[in-house]
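Each chain, written out:
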Amino acid sequence: MSLDAAHTPLRLHWWKAQPNFGDALSPLVLSHVSGRRVEHASVDEADVFGLGSLLQIVRRKYDTPRAGAKPVIWGSGLLRPAGGRAFLKNIEIALLRGPVTAALLGIETNAFGDPGLLVNEVLPGEGSLGDKIGIVPHHTLADDPDLLELVASDSAYVLIDPRDPVEQVCAGIAACAHVFASSLHGLITADAYGVANTWVTPEGQGRLKFHDYAASVGRDMRAPIALADIPAAPKPDAPLTYQDGITACRAALKDSFPAALCARQGAA
């Protein structure tokens, strides 16, 4: 990459319609890995797609060839079956989020990773777990009356609102002894910080992305628990049994990030 290019912002697409933790993580992680300043770009103008279930919109926009360089997919996944594969000729895939996405796209690969697993490098935790039980809802469920009633029922519970600034959300998760989350990146961030966590029913949300991520790290996550079952649910704080899978995904993320997108050779 030339010196001029190294000082050009990396054009990244993420969802900005309303504050949402997973989307806010994407520019932080991409800037860290690339060594470049990151700016938001439209789907049509992005250099790269990172965190999120973005392949549906990529399929719609890139179903036919477009002028210019092909955008890079690095850690993105599907939200549902793609509905066609013609777009694959018009993009570059560096890495997919998980094997469910790969299978639905007919791509044979053994390497996967969600970029959210690198957040502990961008925002290091304090190094010691607290005794609080964090509850991280999907952003659409953050004001749910049943959720607020549950949090108020026990002083051990702390509500971690995914609409808050990303640094605040990460610090809150990293300080917990256990996290319950209906937010995918609530679970992923807990994994990144080594905090034991449990999947809670993501009311109104699809489950494919959760299974996609779980399969990428070798995690047994067959079904979520109901919000009302949190008080009686086990709250283990032992080391994550799938840590080797997390480590493998982190390595895949770094190994697969295109050198052409980095400010300097070896930035990833």
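Preceding block: the structure.
Below: a short report on this structure. The structure presented is a predicted model; accordingly, all values stated were derived computationally and were not measured.

Taken as a whole and judged by the stated rule, the model has 9 salt bridges. The partner of aspartate 161 in a salt bridge is arginine 163, and the shortest N-O contact between them spans 2.8 Å. For arginine 163, a relative accessible area of 31% corresponds to the partly exposed category. A salt bridge links aspartate 220 to arginine 222, with the shortest nitrogen-to-oxygen separation between them at 3.0 Å. Comparing aspartate 220 with arginine 222, the two get one shared label, exposed. One continuous salt-bridge network, built from bridges that share partners, spans Asp44, Lys61 and Arg66.

The subject of this paragraph is helix α6 (residues 145–152). Within α6, burial applies to Leu147, Leu150 and Val151. Down the axis, α6 shows its buried residues gathered within 95° of arc, on one side only. The exposed set on the far side of α6, more than 90 degrees from its buried face, consists of Pro145, Asp146, Glu149 and Ala152. Check the buried side of α6 and you find it contacts β6 (132–136) and β7 (157–159). Put simply, aspartate 144 is the residue that caps the front of α6, since its side-chain oxygen is 3.2 Å from the backbone nitrogen of aspartate 146.

What follows covers the side chain of threonine 198. Position of threonine 198 relative to the elements: it lies in strand β9 (residues 197–199). Not counting residues up to four positions away in its chain, the partners in contact with threonine 198 are His178, Val179, Phe180, Ala181, Leu187, Arg219, Ile225 and Pro234.

What follows concerns the sheet that holds β6. The sheet built from 4 strands is open, its strands ordered β7-β6-β8-β9 with parallel pairing. Edge positions in the sheet fall to β7 and β9, since each has one partner strand and no second. The sheet shows a mean angle of 20° between the axes of neighbouring strands, taken without regard to direction. Bridging between strand β8 (residues 176–181) and β9 involves 3 bridges; their strand directions are parallel. Within β9, the position partnered with phenylalanine 180 by the bridge is threonine 198. Its contacts with the sheet put helix α8 (residues 184–192) on β6, β8 and β9, and the angle it makes with β9 is roughly 160°.

Let's shift gears to helix α10 (residues 243–256). Over its 14 residues, α10 runs 20 Å from end to end, which matches the ideal 20 Å to within 8%, given 1.5 Å per residue. Taken together, the buried positions of α10 are Gly245, Ile246, Cys249, Arg250, Ala252, Leu253 and Ser256. Within α10, the buried residues cover an arc of 160° as seen down the axis, which keeps them to one side. Of the exposed residues in α10, the ones pointing more than 90 degrees away from its buried face are Asp244 and Asp255.

Calculation notes
Residues numbered from 1 in each chain as written. Predicted model: local features only at pLDDT ≥ 70, side-chain atom pairs only at ≥ 80, totals over all residues. Heavy atoms only, no water. Salt bridge = Lys/Arg side-chain N within 4 Å of Asp/Glu carboxyl O. Buried < 20%, exposed > 50% of the residue type's maximum accessible area, 1.4 Å probe, protein only. Helix = DSSP H or I, 4+ residues; strand = E, 2+ residues; numbered from the N terminus. Arc of directions from axis to C-beta. Contact = heavy atoms within 4.5 Å. Polar contact = N/O pair within 3.5 Å; in protein donor to acceptor, adjacent residues only side chain to side chain. Pairing = 2+ DSSP bridges. Axes fitted to C-alpha atoms, helices over the stretch in contact; angles between N-to-C directions. Expected span 1.5 Å × (residues − 1).

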